[in-house]
Amino acid sequence: MQATSGALGLDGGADDDTVINTGTIDVDSEARVHQDFAVDVTLVDVTGGQVDTSIEASAMSVGIFGGSGQDGIENHGTIESTATSFISRTEDSYSAVGNLAVEAALVADVQAIGIDGGEGDDAITNFSTITVGSIASAVVNETSSSLVATDISSLDAGVTSQAFASGIEGGSGDDTITNHNLIGVTATADTFMGTMIMSALSIDNPLATASVASAPSAVAVATGINGGAGADTITNNSTINAKANPFAQSVEADASVAGLVVATAGTRSDATAVGIEGGADDDTLINAGTITAWADAMGNADSVSVALALIPVPTGLVFPFANAEAVSAAHAIGMSGWTGDDTIDNFGTITADADASMVSVEVSAKLGFSGSSGGGGESAAAGAAAFDMTAEDEPLSLQNGVADASSTRMAVATGLSGGDGNDVMTNSETGTITSDADASATGVNVNASLSIAVAPSAASVAGDAAPAATGSGASGNGQQAIADLGVLADAFGIDGDAGDDRITNNGVLDVTANVSATDVGAK
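Remember, predicted model here, so these are calculated numbers, not experimental data.

Topic: the overall build of the protein
In terms of regular secondary structure, the protein is built from zero helices and 36 strands. Relative to its full complement of 523 residues, the protein shows a buried share of 54%.

Next comes the structure, spelled out in structure tokens:
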């Protein structure tokens, strides 16, 4: 099921247009889907089938769209562009046996743009206020997924919210973009998953593989001005504020898998905020005003556990992977050349602020084998039938496998970023660049355990611990149970990145990176 809405203020259409706004443009699109009844899907002995109960709610708003051609766009009035998407499901349950693909994902997707030049070499000039906001929200209160694979099979029951917001988009072509007034851009994404129970097992066929995903993720991207493809010239003479704010939460998640299975039950929150981005090709970026880029990624995984049961399989087959990682990542960039040989000059004030945090997290990974059961955990897939390690009909070996319950906070703030290519970047005498990266973890506990009764040489190795990046794990003969806790913060005033760059600083660079870990532990 797909619910789609779109709102467009002025549309230039094809050919070379001149578009001038001196009035008020207010565009608002909204897509809402709510299921207040339980979804229950049961499939048995299905061969080569596909079931799709996925739901996507999409909304898009654009104030002015130039379309194709070489357009001239001037804004002397007010533009407000807002897009909202909300999707929710009270309860769902999926049980499948056989060789099939089940699509049961929930996706809330929004995009809001103030001015979009479209294709062609456009000239865009803004003299007034542009306000852009995108809000995406996805909620599932309770979900249960069970997959028994007799061949290559998959089940996707993920929950995703993604919000994209941009003040001015140049689109493809060699564009000239000039800003003389306030551009305010906000992207917000919220994803909530209540109780999640997942089990997966591959049987009968030694080549049977299963891919299972039931994880919450939130993505928010906010950009003040984006040149897009082409050799663009972008100048800011006023104020640009770009804020990205995603939040992903998982209250309780329990995943248990056995056999050749790739399972994902982690929680992820990604924030990206950019003041000015040149895009592809050789761009010229100039800031004579004020740019603030703020990326704030937040996550909460109250209780997440993953158990991976190893089984004897023919030697050389792919190893299974169970992922219950909890990740919050924030990237804030004042001005970015991206790719190409770019020229970037700052004569004004740039602030790049990246914050990544996660609280109240309890994640654990168990990996194991028992001669009398599937091992690895106490939930559904761990209760698989017994396997005979002494069977002589074919050579068997214990699987390699990884169960990962790591937890990571990563914040990166950059004032000027050259990206790929040979760039020339200058912070002038009047230029001030402030980069601040903060990553924090509060009340986070991760643990890993490994138990392999049939492998006498298996060893348990505890990792080192440090306040800013603690971790632990266990490993055996090709098997790993991982529980790392990472809190990382990087801040750059000017970053040339790849290529032969020329960097000149005649102004002020104020760069700060902070990490904090409170009431955390790993074992």
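The discussion continues.
Points about the pairing of strand E12 (residues 176–179)
As judged from the four bridges shared by strand E8 (residues 123–126) and E12, these two strands associate in the parallel manner. Bridge pairing in E12 links Ala-123 to Thr-176. For E12 and strand E16 (residues 233–236), the ladder comprises four bridges, and the chain directions are parallel. Bridging across to E16, Thr-178 finds its partner in Thr-235.

Overview of the layout of surface pockets
Estimated volume of the second largest pocket: approximately 250 Å³. Forming the walls of the second largest pocket are 19 residues, and the residues nearest its centre are Val-221, Thr-223, Thr-272, Val-274 and Glu-277. The set of elements that each furnish at least two residues to the lining of the second largest pocket consists of strand E7 (106–116), strand E11 (159–169), strand E15 (216–226), strand E19 (267–277) and strand E24 (326–336). The element contributing the most residues to the lining of the second largest pocket is E11, with four residues. Of the residues belonging to the lining of the second largest pocket, the class tally is eight nonpolar, eight polar and three charged.

Remarks on the pattern of salt bridges
When the charged atoms of two side chains lie near each other, side chains of opposite charge can form a pair. With the rule as written, the count across this model stands at two salt bridges. For the salt bridge of Asp-270 with Arg-268, the shortest nitrogen-to-oxygen distance reads 2.7 Å. Owing to a relative accessible area of 39%, Arg-268 belongs among the partly exposed residues under this scheme.

Parameters at a glance
Residues numbered from 1 in each chain as written. Predicted model: local features only at pLDDT ≥ 70, side-chain atom pairs only at ≥ 80, totals over all residues. Heavy atoms only, no water. Helix = DSSP H or I, 4+ residues; strand = E, 2+ residues; numbered from the N terminus. Buried < 20%, exposed > 50% of the residue type's maximum accessible area, 1.4 Å probe, protein only. Pairing = 2+ DSSP bridges. 1 Å grid on protein atoms, 1.4 Å probe; cavity = no way out; pocket = protein on both sides within 12 Å on 5 of 7 lines; lining within 4 Å. Points joined across faces, edges and corners; volume = space filled by probe spheres on them. Nonpolar A, V, L, I, M, F, W, Y, C, P; charged D, E, K, R; others polar. Salt bridge = Lys/Arg side-chain N within 4 Å of Asp/Glu carboxyl O.

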